Amino acid sequence: MIGYRPALWFPDSYTYVVTAMRLRPDLVRPAGYPIFLRLLEPLHSFAVVTFVQHLLGLAVGVMVYLTVLRRGAPAWAGILASVPVLLDAYQIELEHLLVSDSLFTFLIVAAACLTLTRGPSPWTAAAVGLLLAAATLTRTVGLPLIAVFAFFLLWYGYRDGAGRTVRRSLVAFLLAALVPIGAYGGWFYATNHRVGLVGANGVFLYSRTMAFADCVVMRPPPDVAVLCDPRPPESRPPSQEYIWDAASPLVRLPGITFTRETDTLAGRFAWLAIRSQPLDYAGSVLSELGRSFADGRPIYPNPETYGYYEFPATVPPPPGRHPAVVGKMFAEQYEEGSLTVRIAEPYAAWMRAYQRVAFMPGSLLLAVLLVPPAMAGARAWSRRKSAQAGAMPGKLCMITTKGVSLTWVAALVLLVVPPATAEFDYRYVLPVVPLACLAAAMAIRPVLVLEPARDLGPQPTK
C-alpha cells in the first residue's frame, strides 16, 4: 500500500465503478462488487478499498488456519494451508487490484469454514446460503457452488441419520441462497428486460468455442454462419479477442456486443459447435485447464492482460477504450481526485522483487489437489489390510470425509468452470488455492488406528 498508491487498475475496474456510481445491473458482470464499492464510497478513497481487500485476504488465511485446527488436523498442516493465500505475491497483487476476486474468495472460504466449524443447524445453513448468494452476485461462477453445498448437506446429513434436521437446514439454506439471487434476477429483468443475472453468457461461450469451432463440420444455418472464422484454430487469436477485438465477427455485427439478439445468436453458435464437435470441445477445455498446473507463469492470453497481474515499474498509461474512459470519469468522482498511480521506491521495487520468487507454482497446486484422493486411497488400503489381519476397526483418526470432500469438490468446480465457459485466466485460479489447501490439510491425518483382534471366548447361543 505504501509502494502503489492508491490502487492498481484492471480494465474491468472501470466498469465496476460505473455500476457502483450508477447503481444498476450490468450486462456483463453482476453488481455484487460494485455494491461493495458503493458501501465504501462515502470515504472517497480507493486506498480504503484496497486496505479492506487486504484485510479480507488476511482473514481468509486466518479462517483456513483456524478451521484446520478446529477439525483436528495438525498445526503444521494449518500453517502450510494458510501460507499461499497470506504470502503469495500474486494473491497480494490481486487484493490491490480493483476487481471482484478478493471479495469473492473471502465469501466462498467463509461459507466453507462456517460449514465445517459449526454444528448442523438451520441458522448455520441460512448463513452459508447468504454467503454463497453474495458470492454468486459477485462472480457468477459461484452459482454451481450452491448445488455443491446443497448436495453435501443432504447426502451427509441423511448418512448421519439426522433426517429432520437436514430437511429444515436444507430449506433454510436454499431460501437464504436463492431468494437474494431471485431478487437480483428480478432487478436485472426490470432494468434490462432479460431473464438472468447477466446478459453475456452466450457471448462468452461463443468465445470459448472459437478455439476449435469448424463451420465445415458444424454446417450452421445462414444467420449463424456470419459468426464463423475461416482461419484454422491454430491461427486464431485468444478466445477473449472474439469479445473485444473490433475484427471479431461478433463485434462487427450491428449494435453493441451484448444485445439480447447478439447474445442469443452467439449462444446458438456455441451450442451447435459443442454438439457438433464434443471431443474437440473436451480437448480444448482440458488444454485450457492444464494451464493451471504449468510451472512458472507463461505469458497468457496476451502480454497486456498478463501485465496487469504484475506489480508495475512505471505508472500505467490512462485507459484507451471508450467505456474505460467513461469509467475513469466516474472513478474521479468516487475518489474526488486524481487516479494517477503513485509508485514509491524502494517499496515498490521490494514488491517486484518479492513477486519474482514468492508465488505458488501450478505443479504445486496440482500436488495439493491430489492429496485428498491419495489419502482416500490410503484409507481404503488400510481397511483392506485390517480385514486381512483380523484386526477390529478401532478409532477413526481422521477428519470426516464430509469436510474434505466438500472443499475439494468446490475447488475443482471453481477451477473447471471458467475454462469450460470462457477462458483460462491466472486470476481465476487464485480463489481455488485456499479451498484446495484447506481440503489437503484436513486430509493429512493418521488414516486408521487399529486394535488387535480380541479372543472373546465361546459365545453363548440363543
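Residue positions are given per chain, counted from 1 along the sequence in the order it is written. In keeping with the predicted nature of the model, local features appear solely for residues at pLDDT of at least 70, side-chain atom pairs appear and are counted solely at 80 or more, and the whole-chain, interface and lining totals rest on all residues. Side-chain measures here rest on the full set of heavy atoms in the structure, leaving out hydrogens and waters.

1. So, empty space enclosed by the protein
We apply this condition: As defined here, a cavity is a set of points on a 1 Å grid over the protein atoms alone where a 1.4 Å probe fits but cannot get out. A pocket is an open set with protein on both sides within 12 Å along at least five of seven lines, and residues line them when an atom is within 4 Å of a point. Grid points are joined across faces, edges and corners, and a volume is the space filled by probe spheres set on the points. To qualify as a helix, a DSSP run of H or I must reach at least 4 residues; to qualify as a strand, a run of E must reach at least 2; elements of each kind are numbered from the N terminus. Note on residue classes: Ala, Val, Leu, Ile, Met, Phe, Trp, Tyr, Cys and Pro are nonpolar, Asp, Glu, Lys and Arg are charged, and everything else, Gly too, is polar.
Throughout the structure, instances matching the rule amount to 4 cavities of 30 Å³ or more. Estimates place the volume of the largest cavity at around 160 Å³. Looking at the largest cavity, it is lined by 17 residues, and the ones nearest its centre are Ser292, Arg297, Met360, Gly362 and Val429. Elements represented by at least two residues in the lining of the largest cavity include exactly helix H19 (362-389) and helix H21 (426-429). Among the residues making up the lining of the largest cavity, the classes are represented as 11 nonpolar, 3 polar and 3 charged. Forming the walls of the second largest cavity are Leu56, Gly57, Val60, Val85, Gln91, Leu94, Glu95, Asp101, Ser102, Thr105, Leu430 and Pro431.

2. Digging into the pattern of salt bridges
Put simply, the rule is: The salt bridge criterion pairs a side-chain nitrogen of Lys or Arg with a carboxyl oxygen of Asp or Glu, the two atoms within 4 Å. Relative accessibility under 20% of the residue-type maximum defines a buried residue, over 50% an exposed one, and the middle range a partly exposed one, all with a 1.4 Å probe and only protein chains included.
According to the stated counting rule, one finds 10 salt bridges in the structure shown. Taking the shortest distance from any N to any O, the salt bridge between Asp263 and Arg194 comes out at 3.6 Å. Taken together, the positions of Asp263 in helix H14 (residues 260-276) and Arg194 in the loop between helix H9 (163-192) and helix H10 (201-209) put the pair 69 residues apart, joining distant regions of the chain. A salt bridge links Glu345 to Arg352; the nearest nitrogen and oxygen atoms lie 3.1 Å apart. A relative accessible area of 41% places Glu345 in the partly exposed class.

3. Structural notes on unusual backbone geometry
Of the consecutive residues Arg5 and Pro6, the connecting peptide bond is found in the cis state with omega at -5 degrees. Here Pro6 lies in the loop between strand S1 (4-5) and helix H1 (11-21). Of note, the bond from Glu345 into Pro346 is cis; its omega dihedral lies within 30 degrees of zero at 5 degrees. Along the chain, Pro346 falls in the loop between strand S2 (342-343) and helix H18 (347-357). One non-glycine residue, His44, lies in positive phi territory at about 50 degrees. Residue placement: His44 occurs in the loop between helix H2 (32-40) and helix H3 (46-70). Unlike most non-glycine residues, His193 shows phi in positive territory, near 55 degrees. Relative to the assigned elements, His193 resides in the loop between H9 and H10.

4. A closer look at the nonpolar core
Filter applied, for reference: For the purposes of this section, nonpolar cores are sets of buried Ala, Val, Leu, Ile, Met, Phe, Trp, Tyr and Cys residues that join through side-chain atoms within 4.5 Å.
Counting 100 residues, the largest nonpolar core has Trp9, Leu37, Phe46, Val49, Phe149 and Phe173 as its most contacted members. Core analysis: the next-biggest nonpolar cluster, separate from the first, contains 28 residues, Val203, Leu265, Ala270 and Tyr281 among them.

5. A short note on the packing of H1 against H2
Any two packed helices are characterised by the angle at which their axes cross and by the distance between the axes. Cut-off, in case you're wondering: Axis lines are fitted to C-alpha atoms, over the contacting stretch for helices. Their N-to-C directions set the angle, which ranges from 0 to 180 degrees. For a crossing to be left-handed, the near helix must be turned anticlockwise from the far one by less than a right angle; the clockwise case is right-handed. In this description, contact between two residues means that some pair of their heavy atoms is separated by no more than 4.5 Å.
Interhelical geometry of H1 versus H2 gives an angle of 65 degrees and a closest axis separation of 8 Å. Remark: the crossing between H1 and H2 carries right-handed chirality. Every residue of H2 that contacts H1 at Tyr16, Val17, Thr19, Ala20 and Met21 is listed here: Tyr33, Pro34, Leu37 and Arg38. By residue class, the composition of the contact of H1 with H2 is 7 nonpolar, 1 polar and 1 charged.

6. What about the packing of helix H4 (residues 75-87) against helix H22 (residues 432-443)?
Heads up, the condition is: Roughly parallel here means an angle under 35 degrees, roughly antiparallel means over 145, roughly perpendicular means 65 to 115, and every remaining angle is called oblique.
At a minimum axis distance of 8 Å, the contact between H4 and H22 shows a crossing angle of 170 degrees. Comparing the axis directions of H4 and H22 gives the class roughly antiparallel. Facing H4, whose interface residues are Ala77, Ala81 and Pro84, H22 presents Val433, Cys437 and Ala441. Of the residues belonging to the contact of H4 with H22, the class tally is 6 nonpolar, no polar and no charged.

7. Re the environment of Tyr206
For clarity, the threshold we go by: We call two N or O atoms a polar contact when they sit within 3.5 Å, provided that within protein one can donate a hydrogen and the other can accept it, with sequence-adjacent residues counted only if both atoms are side-chain atoms.
With respect to the helices and strands, Tyr206 occurs in helix H10. Relative accessible area serves as the criterion here: at 0%, Tyr206 is assigned to the buried category. Each C-alpha atom, one on Tyr206 and one on Asn302, is 19 Å from the other, the two residues being 96 residues apart in sequence. Beyond its immediate sequence surroundings of up to four residues, Tyr206 is in contact with Leu227, Tyr242, Pro249, Leu250, Ala266, Phe269 and Ala270. Engagement of the side chain of Tyr206 in a polar contact is seen with the backbone oxygen of Leu227, the distance being 2.8 Å.

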